Amino acid sequence: MSYQSILCDQNEGVLKITLNRPDKLNALTDTMLQELRDAFATAAGDKAVRCVLLTGAGKGFCPGQDLGNVQEMSRGGKPHYGEHIRTNYNPLILAMTRLPKPVIAAINGVAAGAGMSLAMACDVRIASDKASFLQAFINIGLVPDSGSTWFLPRLIGRQRALDLMLSGRKLSAAEALDWGLVNQVVAAEQLMDEAMKLAARYAGAPTFAIGHLKRNLDFSHVRSLEETLELEAKAQEDCGGSADHEEGIQACVKKRTAMYKGE
Ligand code: T3D
């Protein structure tokens, strides 16, 4: 896969996607968003991809929409953000959250606006001690988008979400860890090693079950206990017939390490 604004490296089950506009802290353009959608669609269809790792080149993770592009969009009248978001952002956020494989964000620097939404759309967040987070939308008179309104209260609770959304202030990596926004904070120099170790572990995990459990968790937010219990039962029926489950049983009985294939 060769793109203009992102880099993709696939190795031993891990697809590493790097946002690659370091001079703009990896601000999102239409090209970059198109390429991200394409990379996630490819990841969904490629059995060899067992885990995705998303990170940023240079000192930033992603400061959200490229504000230079917004000026272009506005030329000659009001910008049509609704249409822009529906076309460019929402399908990407859905593709990320619905990917039946683990998605890790390795947050190397500032994650702002829709860039923070992207980080939150990942399943696991590992941050550098130099990372920071801001709901920058309010600073330019906009509302949180790209899923921030959905993800943030679920991750840190309504009160803290509202604090960040109203203030547009920067949250440090240490605070983000304390608030449960990220899973882990490591020294900047160790970020990629630690993130790759984690990605390798997930790439060797029973991906078939991971796909189901991601879907079940999201379903549980919007459905009743009865419906969730039923979905769990159906998912367990499916996982019970998977090669990964058979391998898990064999490995457990024979006291050896399981070699899962994600099938
Ligand atoms: O339909 C739609 O598109 C609407 C959807 C909108 C979704 C959104 O994401 S809205 C939110 C957009 N993002 C922002 O408002 C954040 C703007 N940036 C900042 O607040 C600050 O840059 C940061 C807090 C993120 C980082 O501050 P700092 O001091 O570490 O870096 P800096 O010096 O401000 O930025 C470094 C460079 O990146 C600089 O370029 P230069 O002057 O060196 O050539 C800066 O202009 C550029 N940059 C940072 N953010 C953006 C950006 N360029 C374009 N777009 C950006 N969002």
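Check the entry above for the structure.
So, how was this worked out
- Residues numbered from 1 in each chain as written.
- Predicted model: local features only at pLDDT ≥ 70, side-chain atom pairs only at ≥ 80, totals over all residues.
- Heavy atoms only, no water.
- Helix = DSSP H or I, 4+ residues; strand = E, 2+ residues; numbered from the N terminus.
- Rg over C-alpha atoms; globule rule 2.2 N^0.38 Å.
- Buried < 20%, exposed > 50% of the residue type's maximum accessible area, 1.4 Å probe, protein only.
- Contact = heavy atoms within 4.5 Å.
- Areas by Shrake-Rupley, 256 points an atom, 1.4 Å probe, with all protein chains shown as cover.
- Axes fitted to C-alpha atoms, helices over the stretch in contact; angles between N-to-C directions.
- Parallel < 35°, antiparallel > 145°, perpendicular 65-115°, else oblique.
- Left-handed = near helix turned anticlockwise from the far one by under 90°.
- Nonpolar A, V, L, I, M, F, W, Y, C, P; charged D, E, K, R; others polar.
- Phe/Tyr/Trp six-rings, centres within 6.5 Å; stacked < 30°, edge-to-face > 60°.
- Lys NZ or Arg CZ within 6 Å of the ring centre and 35° of its normal.

Caption draft 1: Highlighting the overall build of the chain. Scanning the chain for helices and strands turns up 11 helices and 10 strands. Against the compact-globule benchmark of 18 Å for 263 residues, the chain has a radius of gyration of 19 Å, which places it among compact chains. Considered along the principal axes of its C-alpha atoms, the chain spans approximately 65 × 40 × 35 Å. The buried share of the chain, reckoned over its 263 residues, is 46%. A sequence separation of at least 24 residues applies to 68% of the contacts in the chain between residues at least 6 apart. For the chain, the exposed area adds up to about 13300 Å²; of that, 54% sits on carbon and sulfur atoms.

Caption draft 2: Inspection of the packing of helix H1 (residues 30-45) against helix H3 (residues 81-98) at higher detail. Interhelical geometry of H1 versus H3 gives an angle of 30° and a closest axis separation of 9 Å. Relative to H3, the element H1 is oriented roughly parallel. Like other packed secondary-structure pairs, H1 and H3 cross with a definite hand, here left-handed. Mapping the contact onto sequence places Asp30, Leu33, Leu36, Arg37 and Phe40 in H1 and His84, Thr87, Asn88, Tyr89, Pro91, Leu92, Ala95 and Met96 in H3. In the contact of H1 with H3, the residues fall into eight nonpolar, three polar and two charged.

Caption draft 3: Quick peek at unusual backbone geometry. Positive phi, normally seen in glycine, also occurs at glutamate 12, with a value near 45°. One non-glycine residue, leucine 25, lies in the positive phi region at around 55°. Note that leucine 25 resides in the loop between strand E2 (14-19) and H1. Looking at leucine 25, the relative accessible area reads 25%, which means it is partly exposed.

Caption draft 4: Structural detail: the environment of glutamate 12. Relative to the helices and strands, glutamate 12 resides in the loop between strand E1 (6-11) and E2. Given a relative accessible area of 72%, glutamate 12 falls into the exposed group. Note: C-alpha distance between glutamate 12 and leucine 152 (140 residues apart in sequence) is 32 Å.

Caption draft 5: Layout of the packing of aromatic side chains. Summed over all chains, the structure comprises one aromatic pair. When the ring of tryptophan 150 is compared with that of phenylalanine 151, the centres are 5.7 Å apart and the planes differ by 80°; the resulting orientation is edge-to-face. Owing to a relative accessible area of 33%, tryptophan 150 belongs among the partly exposed residues under this scheme. Between the NZ or CZ atom of arginine 154 and the centre of the ring of tryptophan 150, over which it lies, the distance is 3.7 Å.

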